[in-house]
Amino acid sequence: MKMKLATYVATALMAASPVMADLVFPSMSYRTGPYAAGGIPLSDGYADYFTMLNERDGGIGGVMTTVPECETAYNTEKGVECYEAMKGDGALVFQPLSTGITYQLIPKTTSDDIPMHTIGYGRTSAKNGDVFTHTFNYPANYWDGASGAINYLLAENGGDLKGKTIALVYHNSSYGKEPIRTLTELSAKHGFEYTGIAVDHPGQEQKSQWLQVRRQKPDYVILFGWGVMNQVAIQEAANIRYPMENLIGIWWSGSENDVLPAGDLATGYKALSFHGVGKDYPVFDDIQKYVVDTGKAAGSGDQIGTVLYNRGLYAAMLAAEAVKTAQVIHGVADITASQMRDGMEALEITEEKMAALGLPNFGPSFKVSCQNHGGDGMVGVTQWDASTKTWSLISDFTPSDKDLIDELIAEDSAAYAAENGIESGCK
């Protein structure tokens, strides 16, 4: 009935609206700079999904989409400049693709009444929509990732990590430091010994850090890296003969770019994920047919099914579904940024919906609300096979330690609200 209502409303709106502007989804890309290898497929997947919707469906609810790009080079200052340059062009939602940029844009997007989606990155406590009214980080955040890694290791060790040692090798930035508090709390809860090892940007030199790993001999290493740091970390781990199956990266340390340079030595390496891997999903047939084969792809079309292309596509799909939700809520097809925020806050993703979109079992089901802008924090684990050059999902999407994480989120967001004089956004 809900689907019929949505279709009816969209059809009626198309007939009633003689001229509608495009739905604008700014792309804050980084196709240049030290992290370009990761930024390119992310932006390609994001753009290609909207192109497919235009070519196959005539847009969303009868309104065509457009994806203007602004190059940030993963630089915070440039990212803020891109935001200021694009926010007045009908932008519906910003996806900064950088934790540093995210922190700078939280107050700006709130003041400008434009939502921001930081899928699997950014400020973790923004999950609290009562404080962060315009920031969304569904379906999972960094603290979910840290907890997901520990939960996986608990399962691998019969539920007991007492006496184990776990090291965090992390990018020495706001991004890399995100899981430290969570892992510290989890070490106290589960009785393992935690140690942190920082790597300065961009991470091309890590010999001293991995010599420290060799001396300390931790049972497991969790990697929070990005770009070339990941490649170097995996190679250095191989050089000291650290067992690859005991090295687990966050989802930003689990793409093809990270493992291919190490060749066969990377086999067995694991990484967390909040979405599916590979291209065995019907939606990619439509991407090929309507986008790549027609010469409308954002890139060369050779990244389809790679981890970061899939993540960009997933972010676009979630944005498109939020638009549909907003169109039904407000009874208009050509929505505003404020209405987009309402659609994001009322978004519900079910397996039935995912299957209908050509992405069956691609990601966890979740529901957003005013209080919960982050979903349910479901995390899976993938593993790399160098012989086939493929990632495989080796676990189900399982919940993180909700009680512990929610407590940390409440504490951090309350401090932010007090510092900035923010009143409750959920009435």
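Residues take numbers from 1 onward in each chain, read along the sequence in its written order. Local features in this predicted model are restricted to residues of pLDDT 70 or higher, and side-chain atom pairs are both shown and tallied only at a pLDDT of 80 or more, whereas totals for entire chains, interfaces and linings draw on every residue. Hydrogens and waters are ignored; side-chain quantities use all the structure's heavy atoms.

Caption draft 1: Just the pattern of salt bridges, in detail. Put simply, a salt bridge is a Lys or Arg side-chain nitrogen that is within 4 Å of an Asp or Glu carboxyl oxygen. Summed over the entire model, instances satisfying the criterion amount to 17 salt bridges. The partner of arginine 31 in a salt bridge is aspartate 44, with the nearest N and O atoms 2.8 Å apart. Taken together, the residues arginine 31 in the loop between strand E2 (27-29) and helix H2 (36-57) and aspartate 44 in helix H2 connect sequence positions 13 residues apart. Three exposure classes are used, based on accessible area relative to the maximum for each residue type with a 1.4 Å probe and protein chains only: buried under 20%, partly exposed in between, and exposed over 50%. Given a relative accessible area of 26%, arginine 31 falls into the partly exposed group. In this structure, the salt-bridge partner of glutamate 55 is lysine 296, at a minimum N-O distance of 4.0 Å. Strands are runs of DSSP state E lasting at least 2 residues, helices are runs of H or I lasting at least 4, and numbering of each runs from the N terminus.

Caption draft 2: Molecular detail of the layout of surface pockets. A pocket, in this scheme, is an open set of points on a 1 Å grid over the protein atoms alone with protein on both sides within 12 Å along at least 5 of 7 lines, while a cavity is a set where a 1.4 Å probe fits but cannot get out; residues line either one if an atom lies within 4 Å of a point. Grid points are joined across faces, edges and corners, and a volume is the space filled by probe spheres set on the points. Of the pockets and cavities examined, the second largest pocket occupies roughly 170 Å³. In this structure, the second largest pocket is lined by 13 residues; those nearest its centre are Tyr74, Thr76, Ser98, His171 and Ser173. Every element with two or more residues in the lining of the second largest pocket is listed here: helix H4 (99-112) and helix H6 (174-177). Split into classes, the residues belonging to the lining of the second largest pocket amount to five nonpolar, eight polar and no charged. Note that Gly is not counted as nonpolar here; it falls among the polar residues with everything else outside the nonpolar set of Ala, Val, Leu, Ile, Met, Phe, Trp, Tyr, Cys and Pro and the charged set of Asp, Glu, Lys and Arg.

Caption draft 3: Main features of the side chain of arginine 311. In this fold, arginine 311 is placed in helix H12 (residues 307-330). In this structure arginine 311 is buried but unpaired, with aspartate 258 as the nearest side chain of opposite charge at 7.8 Å. Residue contacts are defined here by distance: any two heavy atoms, one from each residue, within 4.5 Å place the two residues in contact. In this view, arginine 311 contacts Leu42, Trp251, Trp252, Phe274 and His275; residues no more than four positions away in its chain are not counted. Charge counting treats Lys and Arg as positive and Asp and Glu as negative, with His and both chain ends excluded.

Caption draft 4: Molecular detail of the nonpolar core. Grouped together as the largest cluster of nonpolar side chains are 86 residues, with contacts concentrated most on Phe25, Tyr49, Trp252 and Met340. No other element matches the 13 residues that H12 contributes to this core. Residues Val169, Leu223, Ala266 and Ala271 belong to the second largest nonpolar core, which totals 27 residues. We define a nonpolar core as any set of buried Ala, Val, Leu, Ile, Met, Phe, Trp, Tyr and Cys residues linked to one another through side-chain atoms lying within 4.5 Å.

Caption draft 5: Spatial organisation of the state of the cysteines. Throughout, disulfides are identified as pairs of cysteine sulfur atoms within 2.5 Å of each other. In this structure the tally under the stated criterion is two disulfides. Across the disulfide from cysteine 70 sits cysteine 82; the S-S distance is 2.0 Å. Disulfide cysteine 70 to cysteine 82: torsion about the S-S bond roughly -75°, handedness left-handed. Linking cysteine 70 in strand E4 (residues 69-71) with cysteine 82 in helix H3 (residues 76-86), this pair joins segments that are 12 residues apart in sequence. An identical accessibility class is assigned to cysteine 70 and cysteine 82; each is buried.

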